[in-house]
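Descriptive structure summary
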Amino acid sequence: MELQGMIYSSLVYQSMDDPGIAFVETDRDGVPLDAPRGHWGGLSERFRLEIQSACRESDALTPDTRISLDECFVPPVFDLYDSSTTPTVVGWENLRDFARVHLTGPPGSGKTSCLRRLALEASEWADTLPLFLQLRELTPEALTIAGLVRLVSGQGENPRTEDMEAPLGGARLLLLLDGLDEVPTLEMRTRISDSIASLCAALPRMRVLVTSRSTSGLDWLPGFTHMTIRPANDSWVRHWLLLYFSKRGDPAAANDVGSRLALDQDLAELCRSPLLLALIASSYRHSPRSLNDRAAFVENCVGTLLTDWDWAREVSRWNESTYTPRQLLVILGELSLRLVSQQRNVFTRNDILTSHFASRLDSSALTIIDTCQSSGLIRNAGHDKWQFSHQAFQEYLAANCLVSMTQHTLLDLEDRVDEPQVRRALGLSCALASDPDDLLMSMISHGDKSPESAESTVLLLAEVLGQESSASQAILQQCADLVVEGVDRQLRNFVHVKARSAQTNTGRTGNSIRWQRTLEASFIQEDRLERFGEATFLLRRACFGPSASLLVKSVSRIDSEDTSAYFRALRAPGRLAVEKIVVGDSLGLEIAVHPGLDAKAGPRGG
């Protein structure tokens, strides 16, 4: 039977009052009273201290991304997969209720930190000996009873097996095996998986947790429960940021970073990964303005997942590869640009096979896809379907590819600025280009073609103004002027209506800053209203970005109280919310800036 994650042989008593009820007599630790007992002695105390020393801190990409697991650990939530189609949610406090767990998650999701934290907690439990082992450092022979005795006892080639008799026989050994996917070869992974299965059969009461990036070894581990780490939610991120910056003597920085995440949905989505969240926090500590350099930061995230995270931990995955990380990025750039051009997010093996560069490599499409999936850059989206794990990755890779394209290719895409993916890729390409002035001038010219082109160009230029760029100040000021003029032009389509609720409100209502307008009933065009709402989020980010002073200067040149009030609302601190409203027969737009960090981030791009 299994009790609190442990497997025992014990007498089961049947209730005389209700034959359908059976029970086992246990002590206060949940151990059956008739289970074998053992005494730890000095061996346990010595090893407890070693465990606490080895597991007190997380892995780290850089020194300031390392966190203390006994002071700054924020427990994650897990999805348990069984025969049902819907996963079961499992909290951290319930993890110890399972005897055998295969824990999976993308790179940087916190798998190793979970095992180390569990080892710290288990080192304080009565009669428990946690063993934290990284599988890439072990041989299959180490995962035997004799091998575990050597690891625990530290007595050389002739350890005393009887020292381990109690924990091994009494279900008190907690084996924490990290990184099945980090074992360098498939042949060695298979042997180690076989050793784990044999060890579990020999010691049926032993509790085991194994981690990997994928479930590739699950079939070799019979009797294991499969769980995955859920992506972090807003509450988890806020809690982590507060602990991280408080530990470093700057708790106010947590609110500042939280405000940045509220302005930028791309950053907020990247923060679902604890590794990338630590990278964001570290970047902010070195230079708060670095979070405005979206292109450089996303480039850093892609490089971290593809190579840097493994190399920082001395994990090698490229020894047997027939292509280099740089070549893989070229393939992904071609793929991303094709997806953006075709307004797609999902791709298949055929998309890889038709890549101009991939066709020259001696590697199958599935090999390339497996590398990308293992690195966390892409994820499965169904049978023979994949997509990038973050939309920002696809747009950055497409933009990076665009920068190397001919001017003719760029001009072809400029005619499609009204398509969101194309617009965001072009905006990032302006940030990546060493001299984007000509590109920006051609985008500015595109806005003169039609009123629809002008509105799309406002969105594109707002995207550019919200991030770092090496464009000249004169060109950026011209972009700011055109954006403000475009907003002023669109605001003229908004009118006062007699209904009291639709009048302008730019003062404080409760603790919120509100600005509200409606459209004339004869001018109801919902798509234009949605486009203006999207522009609002982009401009909100620009108002707090590197071009904020340029926008202030442009607004000062406009003789319009409506436009001034609109930008005053955008510059107010807090969380932005944009909602469509209906007043009578008219559609309207309400912009509210709420204090605090408890609201949802806006649409993508804002």
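Quick look at the structure, then. The model shown is predicted, which means the values in this text are computed figures rather than measured ones.

A separate point is the pairing of strand β5 (residues 78-81). Bridge analysis of β5 against strand β6 (residues 88-90) gives three bridges, and the strand direction is antiparallel. The partner of L80 across the bridge, within β6, is T88. Where β5 folds back on β6, the antiparallel hairpin that results is connected by six residues. As defined by bridge partners, β5 adjoins strand β11 (residues 225-229) across four bridges and the pair is classed as antiparallel. Within the sheet, the bridge partner assigned to Y81 lies in β11 and is H226.

Moving on: the layout of surface pockets. For the second largest pocket, the calculated volume is near 600 Å³. G108, S109, G110, S113 and P274 are the residues nearest the centre of the second largest pocket, which is lined by 40 residues in total. Listing elements by their share of the lining of the second largest pocket, those giving two or more residues are α2 (111-122), β10 (207-212), α6 (234-247) and α9 (274-286). Looking at the lining of the second largest pocket residue by residue, the class counts come to 19 nonpolar, eleven polar and ten charged.

In this section: the packing of helix α14 (residues 391-403) against helix α16 (residues 420-432). One can describe the packing of α14 onto α16 by two numbers: an axis separation of 8 Å at closest approach and a directional angle of 60°. In terms of orientation, α14 and α16 fall into the oblique class. At the point where α14 passes α16, the crossing takes the right-handed sense. Where α14 approaches α16, its residues Q391, Q394, E395, Y396, A398, A399, N400, L402 and V403 are matched on the opposing element by Q421, R424, A425, L426, L428, S429 and L432.

Before going further, it helps to spend a moment on the environment of S246. Mapped onto the elements of the fold, S246 is located in helix α6. Between the alpha carbons of S246 and C72 there is a distance of 9.5 Å; along the sequence they are 174 residues apart.

Attention now goes to the nonpolar core. Side chains of a nonpolar character, in soluble globular proteins, are inclined to be buried together. Grouped together as the largest cluster of nonpolar side chains are 109 residues, with contacts concentrated most on L135, I196, W240, L241 and F393. Non-local contacts of I196, meaning those with residues more than four positions away in its chain, are made with L135, L143, L177, V210, L221 and F224. Counting residues in each nonpolar core, the second largest holds 52 residues, with A398, L491, F537 and V593 among its members.

Turning to a nonpolar patch on the surface, a few remarks are in order. On the surface, a nonpolar cluster with roughly 290 Å² of combined accessible area is contributed by L11, Y13 and F23. One can find F23 in strand β4 (residues 22-23). A residue is classified by how much of its surface remains accessible, and F23, at 40% relative accessible area, is partly exposed.

All right, on to the packing of aromatic side chains then. In this structure the tally under the stated criterion is ten aromatic pairs. Ring geometry for Y244 versus F245: centroids 5.0 Å apart, planes at 85°, classification edge-to-face. For F245, a relative accessible area of 1% corresponds to the buried category. Chaining the aromatic ring pairs together yields one cluster made of W240, Y244, F245 and Y284. We note R248 situated over the ring of Y244; from NZ or CZ to the ring centre the distance is 3.8 Å.

With that settled, the discussion passes to the sheet that holds strand β14 (residues 385-388). Judged by pairing direction, the sheet is antiparallel, and its three strands sit side by side in the order β12-β14-β13 without closing on themselves. The sheet is open, and its two borders are formed by β12 (346-347) and β13 (378-382), each paired with just one other strand. In this structure, β12 lies alongside β14, joined through two bridges in antiparallel fashion. Bridge pairing in β14 links V346 to Q387. Docked against the sheet, helix α11 (residues 325-341) engages β12 and β14, running at close to 95° with respect to β14.

Calculation rules
Residues numbered from 1 in each chain as written. Predicted model: local features only at pLDDT ≥ 70, side-chain atom pairs only at ≥ 80, totals over all residues. Heavy atoms only, no water. Pairing = 2+ DSSP bridges. Helix = DSSP H or I, 4+ residues; strand = E, 2+ residues; numbered from the N terminus. 1 Å grid on protein atoms, 1.4 Å probe; cavity = no way out; pocket = protein on both sides within 12 Å on 5 of 7 lines; lining within 4 Å. Points joined across faces, edges and corners; volume = space filled by probe spheres on them. Nonpolar A, V, L, I, M, F, W, Y, C, P; charged D, E, K, R; others polar. Axes fitted to C-alpha atoms, helices over the stretch in contact; angles between N-to-C directions. Parallel < 35°, antiparallel > 145°, perpendicular 65-115°, else oblique. Left-handed = near helix turned anticlockwise from the far one by under 90°. Contact = heavy atoms within 4.5 Å. Core = buried A, V, L, I, M, F, W, Y, C linked by side-chain atoms within 4.5 Å. Buried < 20%, exposed > 50% of the residue type's maximum accessible area, 1.4 Å probe, protein only. Patch = residues over 30% accessible without salt bridge, like charges linked within 9 Å, V, L, I, M, F, W, Y side chains within 5 Å. Areas by Shrake-Rupley, 256 points an atom, 1.4 Å probe, with all protein chains shown as cover. Salt bridge = Lys/Arg side-chain N within 4 Å of Asp/Glu carboxyl O. Phe/Tyr/Trp six-rings, centres within 6.5 Å; stacked < 30°, edge-to-face > 60°. Lys NZ or Arg CZ within 6 Å of the ring centre and 35° of its normal.

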